[in-house]
Amino acid sequence: SQKIEQNSEALNIQEGKTATLTCNYTNYSPAYLQWYRQDPGRGPVFLLLIRENEKEKRKERLKVTFDTTLKQSLFHITASQPADSATYLCALAPLYNFNKFYFGSGTKLNVKP
Amino acid sequence: NAGVTQTPKFRILKIGQSMTLQCAQDMNHNYMYWYRQDPGMGLKLIYYSVGAGITDKGEVPNGYNVSRSTTEDFPLRLELAAPSQTSVYFCASRRQGANTGELFFGEGSRLTVL
C-alpha cells in the first residue's frame, strides 16, 4: 500500500508569512493528489486536486506543486491568517481510481497574529 | 442541503456490544465511504460503495459490515466491539463524474470501546 509522510510536528508561523507544508510518498506514483483542511472536531474539507501531469495548481492564496521525481507535493498558503490555523491532510489516488485515496496523517498549522 | 449527516456523534460501547453508525447524504452521490481516524494517523478506508446494492472492502474492513440499500444511506455495523475499534469514524460521499474526486465528509462519530 501507499506510504504517505506529512510532518507530524506543528508548523508555527507569523501572520502574513507564507506557510509551506510537505507531503512525501513512497511506493507507486499516484495520478491524483488532493489537499484537505480539517478543523478540530470536524470532518475534512476539500481544497485542491492536482494531477501527475500538472506541476502546479493555484486557488486564491493556495498553491500546490507536485514533483513526481522527488515523490513530493508542497502546499503553500501565502499571506497566512490566524483563520488558516488547522490541520492539513494530503491524499493520493492511483489513475482511474478515485475510490482508493490514501490519506496522510496531516500537519497542524498555527498562524500567530 | 444538509450534506453528509452522521449519527450518533458520540457513543461509548462495552467490549462485545454491537452498534450501527448511521450515515445519510442528500446530494444524490453514487459513491459513499467509511473511514476511521486514529490520533496521529491518517484516515483509513474501511468500506466503500459505488451505488445501491454494491459494496467493497477498503484497507481495514475486519470487524465491520456495511450495506447500501438506498442511494442516500450507508450504515456501518460494528459486531462484537473491541478496544481497537475506539476511533473517530467519518462517512464521506463523492459525485460520480466529478473531475476533482472531491470527498464530502460528515462531522464524524466518536466511538469509545471500554
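Before reading further, recall that the structure is shown in the block above.
Residues numbered from 1 in each chain as written. Chains lettered and ligands numbered in written order. Predicted model: local features only at pLDDT ≥ 70, side-chain atom pairs only at ≥ 80, totals over all residues. Heavy atoms only, no water.

A. Expanded view of the overall build of chain B. For chain B, the count of helices and strands is 0 helices and 11 strands. Helices and strands appear in chain B in the N-to-C order β-β-β-β-β-β-β-β-β-β-β. Oriented by its inertia axes, the alpha-carbon framework of chain B measures out at about 40 × 30 × 25 Å. The buried share of chain B, taken over its 114 residues, is 45%. In chain B, the share of contacts with a sequence separation of at least 24, taken over all contacts with a separation of at least 6, comes to 53%. For chain B, the accessible surface area stands at approximately 5,400 Å², while carbon and sulfur atoms represent 51% of it. (Helix = DSSP H or I, 4+ residues; strand = E, 2+ residues; numbered from the N terminus. Buried < 20%, exposed > 50% of the residue type's maximum accessible area, 1.4 Å probe, protein only. Contact = heavy atoms within 4.5 Å. Areas by Shrake-Rupley, 256 points an atom, 1.4 Å probe, with all protein chains shown as cover.)

B. Highlighting the sheet that holds strand β1 (residues 4–6) of chain A. Residue and element names in this part refer to chain A. What the 5 strands build is an open sheet, ordered β1-β3-β8-β7-β6; its pairing is antiparallel. The open sheet has two free edges, formed respectively by β1 and β6 (56–59), since each of these has just one partner strand. Pairs of neighbouring strands in the sheet enclose a mean axial angle of 15°, with direction left out of account. Bridging between strand β7 (residues 62–67) and strand β8 (residues 72–77) involves 6 bridges; their strand directions are antiparallel. (Pairing = 2+ DSSP bridges. Axes fitted to C-alpha atoms, helices over the stretch in contact; angles between N-to-C directions.)

C. Spotlight on the side chain of Q34 of chain A. Checked against the element boundaries, Q34 of chain A lands in strand β4 (residues 32–38). A polar contact of 2.9 Å, which involves the side chain of Q34 of chain A, links it to the backbone oxygen of T100 of chain B. Contacts of Q34 of chain A, omitting those with residues within four sequence positions, involve F46, L48, L49, L89, C90, A91 and F101 of chain A together with T100, G101 and E102 of chain B. (Polar contact = N/O pair within 3.5 Å; in protein donor to acceptor, adjacent residues only side chain to side chain.)

D. Main features of the environment of G58 of chain B. All names here are of chain B. Along the chain, G58 turns up in the loop between β6 (54–57) and β7 (64–66). For the pair G58 and T20, spaced 38 residues apart in sequence, the C-alpha separation works out to 18 Å. Beyond its immediate stretch of four places on either side in the chain, G58 contacts L45, I46 and Y47.

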